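# Examining the three-dimensional arrangement
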Amino acid sequence: MDNETFRRYGHEFVDWLADYFENIEDYPVKSRVTPGEILSQIPLSPPKTGEDMSEIFRDFKEVVMPGITHWQHPGWFAYFPANNSPASVLAEMLTAGLGAQCMIWQTSPAASELEERMMEWLRDMIALPSGMSGVIQDTASTATLCALLTAREVKTDFRTNEEGSSGDLRVYASSETHSSIEKGVKIAGYGKENVVYIDTDENFAMIPSLLQEAIESDIKSGKIPTCVVGTLGTTSSMGMDPLEEIGNICRKYNIWLHVDAAYAGTAALVPELRGFMKGAEMADSFVFNPHKWMLTNFDCSAYFVKDPEALVRTFEIHPEYLKTAADQKVKNYRDWGIQLGRRFRALKLWFVIRSYGLEGLQAMVKEHVGLTRQFLELLESDTRFEVLAPVQLTLVCFRYNPGGLDEETLEEVNRSLLEKVNGSGEVFLTHTTLKGRYAIRLSVGQRNTSLRQINKVWELISQHAGD
Ligand SMILES: *Cc1c(COP(=O)(O)O)cnc(C)c1O
């Protein structure tokens, strides 16, 4: 493709995207294709000769678009959001155009230095201790894996990297913790059997006394307590683990405290919503995802550590061909995580934070928390519905329960209600189970969600309930 054609399609694609943002409500939120439907439209083998961009773009619209679930639709109430924003998309376009590999300082000094400053901005914006250092990871899953690996090395005096793992290191997390903990524990060589799941209370928060008991019992049987993962904002129900008490236990037994605030971390932008962060200053490592709620398109996960030397010592490599004269003076982020090659992700953060300003981002968070309250009021005004978890920040877990139905029937009825509501194409919600009970999850947080969509989703729910 010559530069002139690139220029022409570049303009056309930006126009197409601007129209997409404007008319996104014309699409059903959740894709309606059946399994294999897209696959069957893609040729079995690649073209021998180059095709014209007009044909490729046509197929994007005709073949790909029907198979897209629209995460940027304001009727998005599923999982947690994965927001983008115009500023973020524009930055991502520049990042793609520059095509820089940002593994060490020399391979793009601006990428390294902008990342350093953006992580300081973010750290201060969510009021983490000023001593913490940050690095951008692709996902919270990767950040948690980095925490588990560093905790392992610190506990074994960096011997596991040399000798392999011994199989007696233990990790603790609540029974509501994210599946990425189990994945990380498997990859980091702890072994799945060495994760101890601690029960939660009626607020779906880890019970610290049970954590302490589990640790004591492990010590007695010769195991080595190594890492506790505390969650702020569990995926099922937005449970908040009591970090202060957990942190004190970690200090007492010299255990690494990793905090997973993947979604909820963004709420800490707002001082009056920051209560759940109490004790976060005790964390050895902390992760939250600007790519969820903070308007920065996937992927961008902010990982903070108290002791960057321990992180770097866990990951550093020194092949001759990557040594440079600047190594002592700069940050080489390849040693701060798993990948060598790294995307220039700091640019979109810089664009987003500057474009919205701290106040703009705070206003968005407050707006979403307010809309959640408004939905809750609607739900609570109808006695046929039951709220199944304390409502924190932007998540409501509930079910239709008109009385007189057993658990099995309730699950069936609510599953069918969810299908009908989603079938409208105007909204998309997902479900979970809480203490064995089927719950519909309504998660507010899409950038453009407004009272109109809150009223719409309530109308659909109340209308289809009991159908
Ligand atoms: C979304 C989420 C994760 C996983 O995030 P990725 O960036 O997709 O790996 C982990 N923990 C919690 C609490 C989450 O909400």
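The model shown is predicted, which means the values in this text are computed figures rather than measured ones. (Residues numbered from 1 in each chain as written. Predicted model: local features only at pLDDT ≥ 70, side-chain atom pairs only at ≥ 80, totals over all residues. Heavy atoms only, no water.)

## Some words on the overall build of the protein
For clarity, the cut-off: Each helix is a run of DSSP H or I of at least 4 residues and each strand a run of E of at least 2, with the numbering of both proceeding from the N terminus. The globule rule used for comparison is 2.2 Å times the number of residues to the exponent 0.38, while the radius of gyration itself is calculated over C-alpha atoms. To sort residues, take the accessible area from a 1.4 Å probe on protein chains only and compare it with the maximum for the residue type: under 20% means buried, over 50% means exposed, and anything in between is partly exposed. The Shrake-Rupley method, run with a 1.4 Å probe sphere, supplies the accessible areas, and residue values consider only the shown protein chains as cover. Positive charges are assigned to Lys and Arg, negative charges to Asp and Glu, while His and the chain termini are left out of the count. Here the site of a charge means atom NZ of a Lys, CZ of an Arg, CG of an Asp or CD of a Glu.
Helix and strand content of the protein: 14 helices and twelve strands. Its C-alpha atoms give the protein a radius of gyration of 24 Å, near enough to 23 Å, the size a compact globule of 467 residues would have. Taking the principal axes of its C-alpha atoms as reference, the protein extends roughly 70 × 60 × 45 Å. Within the span of the protein, comprising 467 residues, buried residues form 51% of the whole. Summed over its atoms, the accessible surface of the protein is roughly 21500 Å², and 51% of this surface lies on carbon and sulfur atoms. Looking at charge distribution, the protein has the averaged site of its 46 positive side-chain charges lying 3 Å from that of its 64 negative ones.

## Examining the nonpolar core
Just so we agree on the cut-off: Take the buried residues of types Ala, Val, Leu, Ile, Met, Phe, Trp, Tyr and Cys, join any two whose side-chain atoms come within 4.5 Å, and each joined set is a nonpolar core. Domain segmentation is taken from an automatic or database assignment of domains. We call two residues in contact whenever any of their non-hydrogen atoms come within 4.5 Å of each other.
By size, the foremost hydrophobic cluster in this structure holds 70 residues, and its most contacted members are Leu122 and Phe286. A total of nine residues in this core trace back to one element, the largest contributor, which is helix H12 (residues 346–380). Residue contributions to this core reach at least three from each of two domains, namely domain 2 (100–343) and domain 3 (359–464). Once residues within four sequence positions are removed from consideration, Leu122 is found in contact with Phe288, Pro290, Met294, Ala302, Phe304, Leu349 and Ile353. Residues Cys146, Leu148, Ala173 and Val287 belong to the second largest nonpolar core, which totals 29 residues.

## Some thoughts on the pairing of strand S6 (residues 256–260)
Two faces, one strand: in a regular strand the side chains alternate between the faces of the sheet. What counts, and what does not: Criterion used throughout: strands pair if DSSP finds at least two bridges between them. Think of it like this: strands point away, you trace from the first strand over the helix to the second, and a clockwise trace means the crossover is right-handed.
Among the five residues of S6, five are classified as buried, and the element is accordingly described as predominantly covered. Neither face of S6 is exposed, since Trp256, His258 and Asp260 on one face and Leu257 and Val259 on the opposite face are all buried. Taken together, the five bridges between strand S5 (residues 224–231) and S6 define a ladder with parallel strand orientation. Across the sheet, the residue bridging to Val228 is Leu257, located in S6. Assessed by its sense of winding, the connection that carries the chain from S5 through helix H9 (residues 243–253) to S6 is right-handed.

## Digging into the sheet that holds strand S1 (residues 76–77)
Pairing is mixed in the open sheet, where five strands are placed in the order S1-S11-S12-S10-S9. The strands lining the two open edges of the sheet, one partner per strand, are S1 and strand S9 (385–387). Inspection of the sheet shows S1 paired to strand S11 (residues 428–434) by two bridges, in the parallel sense. Counterpart to Trp76 in the pairing with S11 is Phe428.

## Thoughts on empty space enclosed by the protein
Over the atoms, a rolled probe matching the size of one water molecule traces out where space is still vacant. Stated formally: Within this scheme a cavity is a closed region of a 1 Å grid, computed over the protein atoms alone, that accommodates a 1.4 Å probe without allowing it to escape, whereas a pocket is open but has protein on both sides within 12 Å along at least five of seven lines; lining residues each have an atom within 4 Å of a point. Grid points are joined across faces, edges and corners, and a volume is the space filled by probe spheres set on the points.
A complete count under the given rule lists one cavity of 30 Å³ or more for this structure. Taken as a whole, the largest cavity holds about 50 Å³ of empty space. For the largest cavity, the full set of lining residues is Val135, Ile136, Gln137, Asp138, Tyr333, Trp336, Gly337, Ile338, Gln339, Arg342 and Arg345.

## Let's talk about the side chain of Ser180
Heads up, the rule is: Polar contacts, as counted here, are pairs of nitrogen or oxygen atoms within 3.5 Å of one another; within protein the pair requires one atom able to donate a hydrogen and one able to accept it, and residues that are adjacent in sequence qualify only if both atoms are side-chain atoms.
If you trace the backbone, Ser180 turns up in helix H7 (residues 179–187). Judged by relative accessible area, Ser180 falls into the buried class, the value being 5%. Polar contacts involving the side chain of Ser180 include one to the side chain of His178, which spans 2.8 Å.

## Re the domain arrangement of the protein
This is how it is decided: The term buried area denotes the loss of accessible surface (1.4 Å probe radius) that occurs when two parts are joined, taken as the sum for both partners.
Assigned domains of the protein: these are domain 1 (3–68), domain 2 (100–343) and domain 3 (359–464). The straight-line distance from the C-alpha centre of domain 2 to that of domain 3 is 31 Å. Across the contact, 26 residues belong to domain 2 and 23 residues belong to domain 3. Taken together, the two surfaces of domain 2 and domain 3 that pack against each other cover about 1900 Å², and 69% of this comes from carbon and sulfur.

## Re the pattern of salt bridges
Cut-off, in case you're wondering: In the sections that follow, a salt bridge refers to a side-chain nitrogen of Lys or Arg positioned within 4 Å of a carboxyl oxygen of Asp or Glu.
Using the criterion set out here, one finds 26 salt bridges in the structure. Measuring nitrogen to oxygen at the nearest pair gives 4.0 Å for the salt bridge that ties Lys420 to Asp467. Taken together, the positions of Lys420 in helix H13 (residues 407–423) and Asp467 in the segment after helix H14 (451–464) put the pair 47 residues apart, joining distant regions of the chain. Here Lys420 falls in the partly exposed class, since its relative accessible area comes to 32%. The exposure class assigned to Asp467 is exposed, which follows from its relative accessible area of 58%. Three or more residues joined by partner-sharing salt bridges are found here, namely Glu92, Asp299, Arg343, Arg345 and Lys348.

## Quick look at the packing of helix H4 (residues 109–125) against H12
So the rule is basically this: Note on method: axes are straight lines fitted to C-alpha atoms, helices fitted across the in-contact stretch only, with angles between N-to-C directions ranging 0 to 180 degrees. Any angle that falls under 35 degrees is termed roughly parallel, while one over 145 is termed roughly antiparallel, one within 65 to 115 roughly perpendicular, and all others oblique. By convention, the crossing between two helices is left-handed when the near helix turns anticlockwise from the far helix through less than a right angle, and right-handed when the turn is clockwise. Each residue gets one of three labels, nonpolar for Ala, Val, Leu, Ile, Met, Phe, Trp, Tyr, Cys and Pro, charged for Asp, Glu, Lys and Arg, and polar for the others, Gly among them.
Packing of H4 against H12 brings their axes to within 10 Å, and their N-to-C directions diverge by 30°. One way to sum up the angle between H4 and H12 is to call them roughly parallel. In the crossing of H4 with H12, the sense of the turn from one axis to the other is left-handed. Residue-level contacts link Ala111, Leu114, Glu115, Met118, Met119, Trp121, Leu122 and Met125 of H4 to Ala346, Leu347, Leu349, Trp350, Ile353, Arg354, Leu358 and Leu361 of H12. Here the contact of H4 with H12 is built from residues that sort into 14 nonpolar, no polar and two charged.

## A few points about the site of the ligand
Inclusion rule: The near set for a molecule or strand comprises every residue that places at least one heavy atom within 4 Å of it.
In the neighbourhood of the ligand, 13 residues make up the surrounding shell, with Ala140, Ser141, Asp260, Asn289 and Lys292 lying closest. At a separation of 2.9 Å, an oxygen atom of the ligand approaches a polar side-chain atom of Asn289. One of the side-chain nitrogen or oxygen atoms of His291 is found 3.2 Å away from an oxygen atom of the ligand. Isolated, the ligand exposes 380 Å² of accessible area, and the fraction of that covered by the protein chains is 87%. Breaking the shell around the ligand down by element, the ones donating at least two residues are helix H5 (140–155) and helix H10 (290–293). Residue classes in the shell around the ligand are distributed as three nonpolar, eight polar and two charged.

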